[in-house]
Amino acid sequence: MRVYVPLTLPGLAEAHKTGELGPGPLTAYAVTPGLREWYVSDDIEELEYAALNRAAAASLRLIAADPDAARRRVVVAADVPDREAVSDPDLRLDASSLGEVRIAAAIALRKAAAVHVDSDDADADVTAAAAALGAADHGDDDARFTVDGAEDHELLWFGIQEIPNLIA
């Protein structure tokens, strides 16, 4: 199963240093039954894109919690055995946890398929979105609009061999 692990650039640097995403348990995003049901799609690429976007939103929350982190969302795509990515059936249709899975153990970075990172031109929108998250969570429509502005930026694709350049 392809999972999408949300990180920050410091988190990616730590993963590069240790050779693993972790320690476990990890929260990641994947094409779960709940995500399939919510998006009503059978197109696997479309569903994986939705899972990637869920992970990007989680990365934004990690950025908001770390004032020292660079304002660029980071998501690592990795393949794990299906049995290792467990979704909570009680949260299946909870919109805030769509596609969320738990992985009990660390994931070897060598199992990563790709790294997705914001481009430099997303910096201002991601910075504003991270600052607005709290207000957006409390129903502020203007703040929600600001948070959605970060989602307008597509994450760029990088091979795992490019991680040293991303964290430099």
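Being a predicted model, the structure only gives us computed values, none of them experimental.

Parameters at a glance
- Residues numbered from 1 in each chain as written.
- Predicted model: local features only at pLDDT ≥ 70, side-chain atom pairs only at ≥ 80, totals over all residues.
- Heavy atoms only, no water.
- Buried < 20%, exposed > 50% of the residue type's maximum accessible area, 1.4 Å probe, protein only.
- Helix = DSSP H or I, 4+ residues; strand = E, 2+ residues; numbered from the N terminus.
- Pairing = 2+ DSSP bridges.
- Core = buried A, V, L, I, M, F, W, Y, C linked by side-chain atoms within 4.5 Å.
- Contact = heavy atoms within 4.5 Å.
- Patch = residues over 30% accessible without salt bridge, like charges linked within 9 Å, V, L, I, M, F, W, Y side chains within 5 Å.
- Areas by Shrake-Rupley, 256 points an atom, 1.4 Å probe, with all protein chains shown as cover.
- Salt bridge = Lys/Arg side-chain N within 4 Å of Asp/Glu carboxyl O.
- Lys, Arg positive; Asp, Glu negative; His and termini not counted.
- Charge placed at Lys NZ, Arg CZ, Asp CG, Glu CD.
- 1 Å grid on protein atoms, 1.4 Å probe; cavity = no way out; pocket = protein on both sides within 12 Å on 5 of 7 lines; lining within 4 Å.
- Points joined across faces, edges and corners; volume = space filled by probe spheres on them.
- Nonpolar A, V, L, I, M, F, W, Y, C, P; charged D, E, K, R; others polar.

Caption draft 1: Spatial organisation of the pairing of strand E8 (residues 112-117). Where burial is concerned, most of E8 is hidden: 5 out of the 6 residues are buried. Direction of pairing for strand E4 (residues 74-79) relative to E8: antiparallel, over a ladder of 5 bridges. Looking at the pairing, Val-74 lines up with Val-117 of E8.

Caption draft 2: Quick look at the nonpolar core. One finds Val-3, Leu-12, Leu-21, Ile-107 and Val-115 to be the most contacted residues of the largest nonpolar core, which totals 25 residues. Elements with a contribution of two residues or more to this core: strand E1 (2-7), helix H1 (9-18), strand E3 (26-29), E4, strand E6 (100-103), E8 and helix H6 (163-167). Beyond its immediate sequence surroundings of up to four residues, Leu-21 is in contact with Val-5, Leu-7, Ala-15, Leu-26, Val-76, Ala-106, Ile-107 and Leu-109. Of all hydrophobic cores here, the second largest spans 15 residues; its members include Leu-35, Ala-50, Ala-55 and Ala-58.

Caption draft 3: Structural context of a negative patch on the surface. A cluster of acidic side chains, namely Asp-42, Asp-43, Glu-45 and Glu-46, defines a negative patch on the protein surface. Inspection of the secondary structure puts Asp-42 in the loop between helix H2 (33-39) and helix H3 (44-65).

Caption draft 4: A look at the layout of surface pockets. Size it by volume and the largest pocket reaches roughly 590 Å³. Along the walls of the largest pocket sit 26 residues, with Asn-53, Arg-54, Ala-57, Arg-144 and Glu-151 positioned nearest its centre. A per-element tally of the lining of the largest pocket places H3 first, with 10 residues. For the lining of the largest pocket, a count of residues per class yields 14 nonpolar, 3 polar and 9 charged.

Caption draft 5: Layout of the environment of Trp-38. Residue placement: Trp-38 occurs in helix H2. Exposure remark for Trp-38: the relative accessible area of 45% places this residue in the partly exposed category. Separated by 60 residues in the primary sequence, Trp-38 and Leu-98 place their C-alpha atoms 7.9 Å from one another.

Caption draft 6: Up close: the pattern of salt bridges. In the structure shown here, the tally under the stated rule is 7 salt bridges. Its salt-bridge partner being Asp-120, residue Arg-72 comes within 3.5 Å of it at the nearest N-O pair. Within this pair, whereas Arg-72 is found in the loop between H3 and E4, its partner Asp-120 is found in the loop between E8 and helix H4 (123-137), the two being separated by 48 residues in sequence. Arg-72 sits in the buried class, given a relative accessible area of 16%.

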